[in-house]
Amino acid sequence: MAWNLDNDRPIYAQLVERLQVQIISGAYLPGGKLPSVRELAAVAAVNPNTMQKAFAELEKSGLIITQGTNGRIVTEDEGLIQDSKRELAKRHADVYFAGMEGLGFDRSQAVSFLQDTAGKGEAGDE
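The notes below deal with the structure included here. Nothing here was measured: the structure is a model prediction, and the numbers come from that model. (Residues numbered from 1 in each chain as written. Predicted model: local features only at pLDDT ≥ 70, side-chain atom pairs only at ≥ 80, totals over all residues. Heavy atoms only, no water.)

## Concerning the side chain of Gln-20
Working step 1: Relative to the elements of secondary structure, Gln-20 occurs in helix 1 (residues 11-24).
Working step 2: Polar side-chain contacts of Gln-20 include one of 3.3 Å to the side chain of Arg-91.
Working step 3: Not counting chain neighbours up to four residues away, the residues in contact with Gln-20 comprise Leu-58, Leu-63, Leu-88 and Arg-91. (Helix = DSSP H or I, 4+ residues; strand = E, 2+ residues; numbered from the N terminus. Polar contact = N/O pair within 3.5 Å; in protein donor to acceptor, adjacent residues only side chain to side chain. Contact = heavy atoms within 4.5 Å.)

## Side note on helix 4 (residues 78-102)
An α-helical turn contains 3.6 residues, so a residue and the one three or four places further along point in the same direction.
Working step 1: Along its 25 residues, helix 4 runs 36 Å from first to last C-alpha, staying within 8% of the 36 Å computed at 1.5 Å per residue.
Working step 2: Taken together, the buried positions of helix 4 are Ile-81, Ser-84, Leu-88, Phe-97 and Met-100.
Working step 3: Its side-chain oxygen placed 3.0 Å from the backbone nitrogen of Gly-79, Asp-77 serves as the N-cap of helix 4.
Working step 4: Positive backbone phi, at 100°, marks Gly-104, one or two positions downstream of helix 4. (Expected span 1.5 Å × (residues − 1). Buried < 20%, exposed > 50% of the residue type's maximum accessible area, 1.4 Å probe, protein only.)

## Let's talk about the nonpolar core
Working step 1: Counting residues in each nonpolar core, the largest one holds 22 residues, and the members touching the most others are Leu-19 and Met-51.
Working step 2: Element by element, the count of residues in this core is highest for helix 1, at 5 residues.
Working step 3: Sequence-distant contacts of Met-51, that is, excluding residues within four places in its chain, are made with Trp-3, Leu-15, Leu-19, Val-37, Leu-40, Ala-41, Ala-44 and Val-46. (Core = buried A, V, L, I, M, F, W, Y, C linked by side-chain atoms within 4.5 Å.)

## Thoughts on the packing of helix 1 against helix 4
Working step 1: Where helix 1 contacts helix 4, the two axes come as close as 10 Å, and the packing angle between them is 125°. The angle between the axes of helix 1 and helix 4 places the two elements in the oblique class. Where helix 1 crosses over helix 4, the handedness of that crossing is left-handed. Along its contact with helix 1, which presents Glu-17, Gln-20, Val-21, Ile-23 and Ile-24, the element helix 4 presents Ile-81, Ser-84, Lys-85, Leu-88, Arg-91 and His-92.
Working step 2: Split into classes, the residues belonging to the contact of helix 1 with helix 4 amount to 5 nonpolar, 3 polar and 3 charged. (Axes fitted to C-alpha atoms, helices over the stretch in contact; angles between N-to-C directions. Parallel < 35°, antiparallel > 145°, perpendicular 65-115°, else oblique. Left-handed = near helix turned anticlockwise from the far one by under 90°. Nonpolar A, V, L, I, M, F, W, Y, C, P; charged D, E, K, R; others polar.)

## Focus on the pattern of salt bridges
Working step 1: As enumerated under the stated definition, the model contains 5 salt bridges in all.
Working step 2: Here Asp-94 and Lys-90 are joined by a salt bridge, their closest N and O atoms 2.8 Å apart. Of the two residues, Asp-94 and Lys-90 both sit in helix 4, 4 residues apart, roughly one turn of that helix.
Working step 3: The partly exposed category is assigned to Asp-94, whose relative accessible area is 35%. (Salt bridge = Lys/Arg side-chain N within 4 Å of Asp/Glu carboxyl O.)

If you want it as structure tokens, here you go:
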């Protein structure tokens with residue numbers, strides 16, 4: 001099944017984010033081998049050159065490492081993975097707060113709203 005990508009942002013940036021999420025969530029384990037560019041491009045239904053650009057970006061960040069003809073692996077640097085997790089979480093939080101500001105909420109109201117909503121979700125799960 002093709003990855004759900006939107007036309008509002010560059011495709012390669014969405015691929016980078018998707019692969020980051022898969023790495024920080026443990027779908028690809030530290031030291032684990034990644035599928036080839038062609039394999040992932042086929043799964044995502046994108047041009048292999050676009051996937052290659054995403055891989056290059058992840059290499060630049062240090063999250064993946066090329067091992068010559070053996071392909072690419074996920075870094076074993078847990079600190080780097082955690083830093084990436086925090087950075088991605090901050091970007092999501094920034095988007096949330098910007099959206100809430102657009103609705104007329106200030107930051108503290110947005111935090112309260114989120115706490116209230118999360119609390120209701122937990123109560124409904126019991």
